[in-house]
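Working through the structure, step by step
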Amino acid sequence: MSDSKRKLEDEERKRTIAIDIALETEVLERCEYHEDCLIKGRQDIEAACKLGEARFNAGKLEDLFESKEDVTDTIKKVVSEDMPLECPRCANWLDKD
């Protein structure tokens, strides 16, 4: 496997872990009708960052992330400021009525 392909796969794994942490802490939620659609959850991003740091400190993420900052930066990337409050697909469907 080439280095560039491995790096892309590692970045995708990091993104998946960050999303899972954000979902677990309810910083993000999945639309109940569109499983692939993420929306802002009830909690502040700090909850996800604290859990990510705790997991890194416990040695659970060291094989992929270089530092606690790498974990929190990745979480912040997946929980962007422009994350919708409601599922855009549901909103679009409701607007058609």
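Each value, and the rule that gives it
Residues numbered from 1 in each chain as written. Predicted model: local features only at pLDDT ≥ 70, side-chain atom pairs only at ≥ 80, totals over all residues. Heavy atoms only, no water. Helix = DSSP H or I, 4+ residues; strand = E, 2+ residues; numbered from the N terminus. Core = buried A, V, L, I, M, F, W, Y, C linked by side-chain atoms within 4.5 Å. Buried < 20%, exposed > 50% of the residue type's maximum accessible area, 1.4 Å probe, protein only. Salt bridge = Lys/Arg side-chain N within 4 Å of Asp/Glu carboxyl O. Patch = residues over 30% accessible without salt bridge, like charges linked within 9 Å, V, L, I, M, F, W, Y side chains within 5 Å. Areas by Shrake-Rupley, 256 points an atom, 1.4 Å probe, with all protein chains shown as cover. Lys, Arg positive; Asp, Glu negative; His and termini not counted. Charge placed at Lys NZ, Arg CZ, Asp CG, Glu CD.

1. Focus on unusual backbone geometry
A positive phi angle is found at Glu 26, which is not glycine, with a value near 60°. Checked against the element boundaries, Glu 26 lands in the loop between helix 1 (3-24) and strand 1 (28-30).

2. Topic: the nonpolar core
When a protein is soluble and globular, its nonpolar side chains tend to lie buried together. Of all hydrophobic cores here, the largest spans 19 residues; its most connected members are Ile 75 and Val 79. Going through the elements one at a time, helix 1, helix 2 (45-57) and helix 3 (68-78) are the ones with two or more residues in this core. Ranked by size, the runner-up nonpolar core spans five residues in total, among them Cys 37, Ile 39, Cys 87 and Cys 90.

3. Here's the deal with the pattern of salt bridges
Taken as a whole and judged by the stated rule, the model has ten salt bridges. A salt bridge links Glu 24 to Arg 55; the shortest N-O distance between them is 2.8 Å. Taken as a pair, Glu 24 in helix 1 and Arg 55 in helix 2 lie far apart in primary sequence, 31 residues in all. Glu 24 sits in the partly exposed class, given a relative accessible area of 49%. Residue classification places Arg 55 among the partly exposed positions, given a relative accessible area of 23%.

4. Thoughts on a negative patch on the surface
Together, Asp 44, Glu 46, Glu 53, Glu 69 and Asp 73 give the surface a local cluster of negative charge. For the negative patch, the secondary structure elements donating two or more residues are helix 2 and helix 3. Note that Asp 44 resides in the loop between strand 2 (38-40) and helix 2. With relative accessibility at 51%, the residue Asp 44 sits in the exposed group.

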